[in-house]
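Breakdown of the fold
The residues making up each chain are set out below.
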Amino acid sequence: PEFPIVEVADVVIEAFACELPTSYVVAMAGRSTPPVWINLEYLSAEGWVEDCHQVPSPHPRHRLTKYFFFPGFTHRTGGLLKEPGLPATRSKFDRRASQAFWDEIGIPAQPEGELRVSLFCYANPVLPELLEACAAGPEKVRLLVCPGPAVDQVAAWAGQGLSPGQSLQKQSLTVTSLPFLPQAAYDHLLWACDVNFVRGEDSFVRAQWAQRPFIWQPYPQSEQTHMVKLDAFLERYLREFGKPDVVRNCWLAWNGVGNLSSAWREFAANRKFIEQYGRVWACQLDQATDLVNNLVLFVRAKMSDLRAI
(Lines give C-alpha, C1' and ligand atoms only; values in the text may rest on other atoms or scores of the structure.)
Protein backbone atom coordinates (compact mmCIF):
# COMPACT_ATOMS: atom_id res chain seq x y z
CA PRO A 1 0.00 0.00 0.00
CA GLU A 2 1.01 3.60 -0.59
CA PHE A 3 2.43 5.53 2.35
CA PRO A 4 -0.28 7.93 3.59
CA ILE A 5 0.06 11.65 2.91
CA VAL A 6 1.22 13.25 6.15
CA GLU A 7 2.81 16.50 7.21
CA VAL A 8 6.58 16.25 6.87
CA ALA A 9 8.49 16.53 10.14
CA ASP A 10 11.24 19.05 10.79
CA VAL A 11 13.59 16.19 11.63
CA VAL A 12 13.46 12.84 9.85
CA ILE A 13 15.39 9.86 11.21
CA GLU A 14 15.89 6.87 8.93
CA ALA A 15 17.19 4.01 11.10
CA PHE A 16 19.12 0.81 10.45
CA ALA A 17 19.23 1.07 6.63
CA CYS A 18 15.42 1.12 6.28
CA GLU A 19 14.73 3.49 3.40
CA LEU A 20 11.98 6.09 3.53
CA PRO A 21 8.93 5.76 1.26
CA THR A 22 9.46 7.54 -2.06
CA SER A 23 6.34 9.66 -1.58
CA TYR A 24 7.65 10.93 1.76
CA VAL A 25 11.02 11.86 0.25
CA VAL A 26 9.20 13.81 -2.48
CA ALA A 27 7.16 15.61 0.19
CA MET A 28 10.37 16.42 2.07
CA ALA A 29 11.81 17.96 -1.10
CA GLY A 30 8.67 20.05 -1.55
CA ARG A 31 9.14 21.97 1.69
CA SER A 32 10.46 25.51 1.48
CA THR A 33 12.96 24.59 4.21
CA PRO A 34 14.04 20.96 3.91
CA PRO A 35 14.02 18.85 7.06
CA VAL A 36 17.16 17.65 8.79
CA TRP A 37 17.49 14.10 7.47
CA ILE A 38 19.44 11.61 9.61
CA ASN A 39 20.47 8.08 8.72
CA LEU A 40 20.97 6.50 12.15
CA GLU A 41 23.29 3.54 11.59
CA TYR A 42 24.13 0.30 13.38
CA LEU A 43 26.60 0.23 16.25
CA SER A 44 30.15 -0.82 15.35
CA ALA A 45 33.67 -0.34 16.68
CA GLU A 46 35.22 -0.57 13.21
CA GLY A 47 37.64 2.22 12.38
CA TRP A 48 35.82 3.43 9.26
CA VAL A 49 32.81 4.44 11.39
CA GLU A 50 34.65 7.51 12.71
CA ASP A 51 35.40 8.64 9.14
CA CYS A 52 31.76 8.30 8.07
CA HIS A 53 30.10 9.80 11.16
CA GLN A 54 28.15 13.01 10.35
CA VAL A 55 29.15 12.78 6.67
CA PRO A 56 26.59 14.45 4.31
CA SER A 57 25.06 12.54 1.42
CA PRO A 58 23.28 14.81 -1.11
CA HIS A 59 20.23 13.28 -2.78
CA PRO A 60 20.86 12.60 -6.49
CA ARG A 61 17.58 14.24 -7.63
CA HIS A 62 16.14 16.39 -4.85
CA ARG A 63 17.38 19.38 -2.86
CA LEU A 64 17.93 17.21 0.18
CA THR A 65 20.94 16.09 2.22
CA LYS A 66 21.08 13.00 4.40
CA TYR A 67 23.59 12.86 7.27
CA PHE A 68 25.03 9.58 8.50
CA PHE A 69 25.04 9.31 12.28
CA PHE A 70 26.90 6.40 13.87
CA PRO A 71 26.66 5.21 17.47
CA GLY A 72 30.08 4.27 18.76
CA PHE A 73 32.67 4.11 21.47
CA THR A 74 34.75 7.26 20.94
CA HIS A 75 34.41 11.06 20.80
CA ARG A 76 34.48 10.84 17.00
CA THR A 77 31.19 8.93 16.94
CA GLY A 78 27.70 9.55 18.31
CA GLY A 79 28.29 7.66 21.55
CA LEU A 80 26.00 5.09 23.18
CA LEU A 81 22.45 5.11 24.50
CA LYS A 82 22.46 6.01 28.18
CA GLU A 83 19.71 7.69 30.14
CA PRO A 84 20.61 10.50 32.58
CA GLY A 85 21.54 9.29 36.03
CA LEU A 86 22.31 5.70 35.00
CA PRO A 87 25.79 5.56 36.59
CA ALA A 88 24.45 6.99 39.86
CA THR A 89 21.58 4.50 39.89
CA ARG A 90 23.96 1.66 39.16
CA SER A 91 26.30 2.71 41.99
CA LYS A 92 23.44 2.45 44.51
CA PHE A 93 22.70 -1.17 43.58
CA ASP A 94 24.37 -2.81 46.59
CA ARG A 95 24.09 -6.29 48.11
CA ARG A 96 20.76 -5.44 49.78
CA ALA A 97 19.30 -4.18 46.50
CA SER A 98 20.57 -7.29 44.77
CA GLN A 99 18.84 -9.53 47.29
CA ALA A 100 15.61 -7.55 46.93
CA PHE A 101 15.81 -8.10 43.17
CA TRP A 102 16.24 -11.88 43.55
CA ASP A 103 13.25 -11.94 45.90
CA GLU A 104 11.21 -9.93 43.40
CA ILE A 105 11.71 -12.43 40.59
CA GLY A 106 11.47 -15.51 42.81
CA ILE A 107 15.11 -16.61 42.76
CA PRO A 108 16.73 -17.93 45.98
CA ALA A 109 19.44 -15.88 47.66
CA GLN A 110 22.88 -16.39 46.19
CA PRO A 111 24.79 -18.78 48.46
CA GLU A 112 28.47 -18.39 49.18
CA GLY A 113 30.61 -19.81 46.38
CA GLU A 114 27.89 -19.88 43.71
CA LEU A 115 28.52 -18.21 40.34
CA ARG A 116 25.47 -16.44 38.90
CA VAL A 117 25.36 -16.07 35.13
CA SER A 118 22.70 -14.50 32.90
CA LEU A 119 22.25 -15.87 29.38
CA PHE A 120 20.65 -13.90 26.55
CA CYS A 121 21.71 -15.18 23.15
CA TYR A 122 20.76 -16.17 19.64
CA ALA A 123 20.66 -19.88 18.80
CA ASN A 124 24.24 -20.99 19.41
CA PRO A 125 25.67 -24.38 18.46
CA VAL A 126 28.27 -24.21 21.26
CA LEU A 127 25.74 -23.61 24.05
CA PRO A 128 25.64 -27.34 24.96
CA GLU A 129 29.42 -27.18 25.42
CA LEU A 130 29.00 -24.32 27.90
CA LEU A 131 26.31 -26.25 29.78
CA GLU A 132 28.52 -29.34 30.01
CA ALA A 133 31.48 -27.28 31.21
CA CYS A 134 29.40 -25.65 33.95
CA ALA A 135 27.85 -28.97 35.00
CA ALA A 136 31.21 -30.74 35.22
CA GLY A 137 33.09 -27.88 36.92
CA PRO A 138 33.97 -27.70 40.62
CA GLU A 139 32.13 -24.38 41.13
CA LYS A 140 28.37 -24.22 41.62
CA VAL A 141 26.74 -22.24 38.81
CA ARG A 142 23.19 -20.91 38.49
CA LEU A 143 22.46 -20.03 34.86
CA LEU A 144 19.54 -17.61 34.43
CA VAL A 145 18.20 -18.02 30.91
CA CYS A 146 16.27 -15.19 29.27
CA PRO A 147 13.38 -16.02 26.91
CA GLY A 148 14.46 -16.94 23.39
CA PRO A 149 16.24 -19.72 21.53
CA ALA A 150 18.48 -20.55 24.49
CA VAL A 151 15.51 -21.91 26.47
CA ASP A 152 14.76 -24.45 23.74
CA GLN A 153 18.43 -25.39 23.49
CA VAL A 154 18.71 -25.93 27.24
CA ALA A 155 15.53 -28.02 27.23
CA ALA A 156 16.88 -30.17 24.40
CA TRP A 157 20.19 -30.62 26.24
CA ALA A 158 18.44 -31.60 29.48
CA GLY A 159 15.83 -33.77 27.78
CA GLN A 160 12.94 -32.02 29.51
CA GLY A 161 10.76 -28.94 29.08
CA LEU A 162 11.66 -25.67 30.75
CA SER A 163 8.90 -23.13 31.33
CA PRO A 164 9.33 -19.64 32.87
CA GLY A 165 10.20 -19.86 36.55
CA GLN A 166 11.15 -23.53 36.32
CA SER A 167 14.62 -24.82 37.23
CA LEU A 168 16.58 -27.97 36.48
CA GLN A 169 19.83 -29.27 37.92
CA LYS A 170 22.68 -31.38 36.60
CA GLN A 171 25.76 -31.87 38.77
CA SER A 172 27.21 -28.40 39.58
CA LEU A 173 24.80 -26.55 37.28
CA THR A 174 21.35 -25.20 38.10
CA VAL A 175 19.45 -23.64 35.19
CA THR A 176 16.48 -21.34 35.75
CA SER A 177 14.24 -20.11 32.94
CA LEU A 178 13.30 -16.46 33.42
CA PRO A 179 10.08 -14.75 32.32
CA PHE A 180 10.21 -11.63 30.16
CA LEU A 181 11.56 -8.76 32.25
CA PRO A 182 10.96 -5.02 31.86
CA GLN A 183 14.02 -2.97 30.91
CA ALA A 184 14.77 -1.80 34.45
CA ALA A 185 14.57 -5.36 35.78
CA TYR A 186 16.86 -6.60 33.01
CA ASP A 187 19.41 -3.98 34.07
CA HIS A 188 19.10 -5.25 37.63
CA LEU A 189 19.71 -8.78 36.37
CA LEU A 190 22.94 -7.64 34.69
CA TRP A 191 24.01 -5.79 37.85
CA ALA A 192 23.21 -8.72 40.15
CA CYS A 193 24.94 -11.45 38.11
CA ASP A 194 28.66 -12.24 38.20
CA VAL A 195 28.90 -12.79 34.43
CA ASN A 196 26.51 -11.84 31.60
CA PHE A 197 26.15 -13.41 28.16
CA VAL A 198 24.58 -10.81 25.86
CA ARG A 199 23.73 -10.46 22.18
CA GLY A 200 23.10 -7.96 19.40
CA GLU A 201 23.26 -4.28 20.32
CA ASP A 202 21.02 -3.24 23.22
CA SER A 203 21.95 -5.88 25.80
CA PHE A 204 25.57 -5.54 24.63
CA VAL A 205 25.54 -1.83 25.55
CA ARG A 206 23.65 -2.36 28.80
CA ALA A 207 26.21 -4.98 29.84
CA GLN A 208 28.99 -2.42 29.44
CA TRP A 209 27.16 0.08 31.64
CA ALA A 210 26.61 -2.76 34.14
CA GLN A 211 30.38 -2.98 34.74
CA ARG A 212 30.23 -6.77 35.09
CA PRO A 213 32.23 -9.31 33.06
CA PHE A 214 30.31 -10.00 29.86
CA ILE A 215 30.56 -12.17 26.75
CA TRP A 216 29.07 -10.92 23.49
CA GLN A 217 27.42 -12.72 20.61
CA PRO A 218 26.94 -10.40 17.60
CA TYR A 219 24.02 -11.09 15.30
CA PRO A 220 25.29 -13.94 13.07
CA GLN A 221 25.73 -12.84 9.45
CA SER A 222 26.65 -14.61 6.24
CA GLU A 223 30.32 -14.80 5.27
CA GLN A 224 31.23 -14.33 8.96
CA THR A 225 30.81 -10.55 8.71
CA HIS A 226 29.82 -10.45 12.37
CA MET A 227 33.29 -11.69 13.33
CA VAL A 228 34.79 -8.54 11.82
CA LYS A 229 32.62 -6.49 14.19
CA LEU A 230 33.55 -8.69 17.14
CA ASP A 231 37.28 -8.42 16.38
CA ALA A 232 37.02 -4.63 15.98
CA PHE A 233 35.36 -4.25 19.37
CA LEU A 234 37.81 -6.57 21.09
CA GLU A 235 40.71 -4.60 19.63
CA ARG A 236 39.31 -1.37 21.10
CA TYR A 237 37.96 -2.82 24.35
CA LEU A 238 41.10 -4.75 25.30
CA ARG A 239 43.63 -2.11 24.34
CA GLU A 240 44.46 -1.28 27.97
CA PHE A 241 43.51 -4.60 29.57
CA GLY A 242 46.27 -6.61 31.21
CA LYS A 243 44.99 -10.09 30.26
CA PRO A 244 43.48 -9.68 26.79
CA ASP A 245 43.67 -13.35 25.79
CA VAL A 246 41.47 -14.38 28.72
CA VAL A 247 38.59 -12.34 27.28
CA ARG A 248 39.41 -12.79 23.59
CA ASN A 249 39.64 -16.58 23.74
CA CYS A 250 36.30 -16.91 25.53
CA TRP A 251 34.48 -14.51 23.21
CA LEU A 252 35.87 -16.22 20.11
CA ALA A 253 34.98 -19.66 21.44
CA TRP A 254 31.44 -18.53 22.27
CA ASN A 255 31.19 -17.46 18.64
CA GLY A 256 32.48 -20.77 17.33
CA VAL A 257 36.26 -20.29 17.16
CA GLY A 258 38.25 -22.32 19.69
CA ASN A 259 37.62 -24.55 22.69
CA LEU A 260 34.84 -23.07 24.82
CA SER A 261 35.24 -25.32 27.87
CA SER A 262 38.82 -24.29 28.64
CA ALA A 263 38.25 -20.66 27.60
CA TRP A 264 35.18 -20.39 29.85
CA ARG A 265 37.03 -21.83 32.86
CA GLU A 266 39.82 -19.27 32.44
CA PHE A 267 37.35 -16.41 31.96
CA ALA A 268 35.37 -17.37 35.08
CA ALA A 269 38.56 -17.72 37.13
CA ASN A 270 39.61 -14.17 36.18
CA ARG A 271 36.21 -12.53 36.54
CA LYS A 272 37.22 -10.24 39.43
CA PHE A 273 40.09 -8.84 37.39
CA ILE A 274 37.78 -8.40 34.38
CA GLU A 275 35.19 -6.65 36.55
CA GLN A 276 37.76 -4.13 37.78
CA TYR A 277 38.59 -3.29 34.19
CA GLY A 278 34.89 -3.03 33.36
CA ARG A 279 34.56 -0.09 35.74
CA VAL A 280 37.43 1.71 34.01
CA TRP A 281 35.93 0.98 30.57
CA ALA A 282 32.49 2.29 31.56
CA CYS A 283 34.03 5.53 32.83
CA GLN A 284 35.82 5.98 29.51
CA LEU A 285 32.56 5.47 27.62
CA ASP A 286 30.78 7.94 29.86
CA GLN A 287 33.19 10.69 28.83
CA ALA A 288 31.98 10.48 25.22
CA THR A 289 28.49 11.54 26.45
CA ASP A 290 25.39 9.80 25.14
CA LEU A 291 23.89 9.10 21.74
CA VAL A 292 20.63 11.02 22.20
CA ASN A 293 22.32 14.15 23.52
CA ASN A 294 24.87 14.11 20.71
CA LEU A 295 22.15 13.58 18.12
CA VAL A 296 20.07 16.47 19.46
CA LEU A 297 23.05 18.82 19.41
CA PHE A 298 23.88 17.84 15.84
CA VAL A 299 20.27 18.28 14.66
CA ARG A 300 19.98 21.69 16.31
CA ALA A 301 23.14 22.86 14.58
CA LYS A 302 21.86 21.68 11.19
CA MET A 303 18.45 23.31 11.73
CA SER A 304 20.20 26.58 12.53
CA ASP A 305 22.23 26.28 9.31
CA LEU A 306 19.08 25.65 7.26
CA ARG A 307 17.31 28.69 8.71
CA ALA A 308 20.31 30.83 7.85
CA ILE A 309 20.13 29.92 4.15
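Our structure is the block above this text.
A brief look at the structure comes next. None of the values given here were measured: they were computed from a predicted structure. (Residues numbered from 1 in each chain as written. Predicted model: local features only at pLDDT ≥ 70, side-chain atom pairs only at ≥ 80, totals over all residues. Heavy atoms only, no water.)

What follows concerns unusual backbone geometry. A positive phi angle, near 70°, is found at Gln 54, a position not held by glycine. For Gln 54, the location among the structural elements is in the loop between α2 (48-52) and β3 (56-58). Exposure remark for Gln 54: the relative accessible area of 37% places this residue in the partly exposed category. (Helix = DSSP H or I, 4+ residues; strand = E, 2+ residues; numbered from the N terminus. Buried < 20%, exposed > 50% of the residue type's maximum accessible area, 1.4 Å probe, protein only.)

Another point: the sheet that holds strand β1 (residues 11-15). The strand order across the open sheet formed by four strands is β1-β2-β4-β3, and the pairing between neighbours is mixed. At either end of the open sheet lies a strand with only one pairing partner, and these are β1 and β3. Each strand of the sheet is rotated relative to its neighbour by a mean of 30°, with strand direction disregarded. Here five bridges tie β1 to strand β2 (residues 36-40), and the two strands are oriented parallel to one another. Counterpart to Val 12 in the pairing with β2 is Trp 37. (Pairing = 2+ DSSP bridges. Axes fitted to C-alpha atoms, helices over the stretch in contact; angles between N-to-C directions.)

Turning our eyes to something else, we now look at the packing of helix α9 (residues 225-237) against helix α10 (residues 244-254). The geometry of α9 relative to α10 is characterised by a closest axis approach of 11 Å and an angle of 165° between their N-to-C directions. The orientation of α9 relative to α10 falls into the category roughly antiparallel. Of the two elements, α9 crosses α10, and the hand of that crossing is right-handed. Between α9 and α10, the residues in contact are Met 227, Leu 230, Asp 231, Phe 233, Leu 234 and Tyr 237 and Val 247, Arg 248, Trp 251 and Leu 252, respectively. Tallied by class, the residues present in the contact of α9 with α10 amount to eight nonpolar, no polar and two charged. (Parallel < 35°, antiparallel > 145°, perpendicular 65-115°, else oblique. Left-handed = near helix turned anticlockwise from the far one by under 90°. Contact = heavy atoms within 4.5 Å. Nonpolar A, V, L, I, M, F, W, Y, C, P; charged D, E, K, R; others polar.)

So, about the nonpolar core. Of all hydrophobic cores here, the largest spans 79 residues; its most connected members are Phe 233, Tyr 237, Trp 251, Trp 254 and Trp 264. The element contributing the most residues to this core is α10, with seven residues. What Trp 251 contacts, discounting residues up to four positions off in sequence, is Phe 204, Phe 214, Ile 215, Trp 216, Leu 230, Phe 233, Leu 234, Tyr 237 and Phe 267. Among the nonpolar cores identified, the runner-up in size contains 10 residues, and Ile 38, Phe 69, Phe 298 and Met 303 belong to it. (Core = buried A, V, L, I, M, F, W, Y, C linked by side-chain atoms within 4.5 Å.)

Judged by pairing direction, the sheet is mixed, and its six strands sit side by side in the order β7-β8-β6-β5-β9-β10 without closing on themselves. Single-partner strands in this sheet number two, and they are β7 (167-170) and β10 (214-217). Neighbour-to-neighbour, the strand axes of this sheet turn through a mean angle of 15°, independent of strand direction. Relative to strand β6 (residues 140-145), strand β5 (residues 114-119) is paired through six bridges, and the arrangement is parallel. Looking across to β6, one finds that Arg 116 is bridged to Arg 142.

With that settled, the discussion passes to helix α8 (residues 202-210). For α8, the buried fraction is high: eight of the nine residues fall into the buried class. For α8, every residue scored as buried is listed here: Ser 203, Phe 204, Val 205, Arg 206, Ala 207, Gln 208, Trp 209 and Ala 210.

Quick look at the packing of aromatic side chains now. Applying the stated criterion across every chain, the model contains 30 aromatic pairs. Between Tyr 67 and Phe 298, the ring centres sit 5.6 Å apart and the planes meet at 75°, which makes this aromatic pair edge-to-face. Pair noted here: Tyr 67 is in strand β4 (residues 65-69) and Phe 298 is in helix α13 (residues 291-308), with a separation of 231 residues, a long-range link. A residue is classified by how much of its surface remains accessible, and Phe 298, at 8% relative accessible area, is buried. Taking 6.1 Å as the distance between ring centres and 70° as the angle between the ring planes, the aromatic pair formed by Trp 216 and Phe 233 counts as edge-to-face. Taken together, the positions of Trp 216 in strand β10 and Phe 233 in helix α9 put the pair 17 residues apart, joining distant regions of the chain. The class of Trp 216 is buried, set by a relative accessible area of 7%. Given a relative accessible area of 1%, Phe 233 falls into the buried group. Grouping aromatic residues by their ring pairs yields a cluster made of Phe 73, Phe 204, Phe 214, Trp 216, Phe 233, Tyr 237, Phe 241, Trp 251, Phe 273, Tyr 277 and Trp 281. Cation over ring: Lys 82 sits above Trp 209, and NZ or CZ is 5.7 Å from the ring centre. Sitting over the face of the ring of Phe 273, Lys 243 holds its NZ or CZ atom 4.9 Å from the ring centroid. (Phe/Tyr/Trp six-rings, centres within 6.5 Å; stacked < 30°, edge-to-face > 60°. Lys NZ or Arg CZ within 6 Å of the ring centre and 35° of its normal.)

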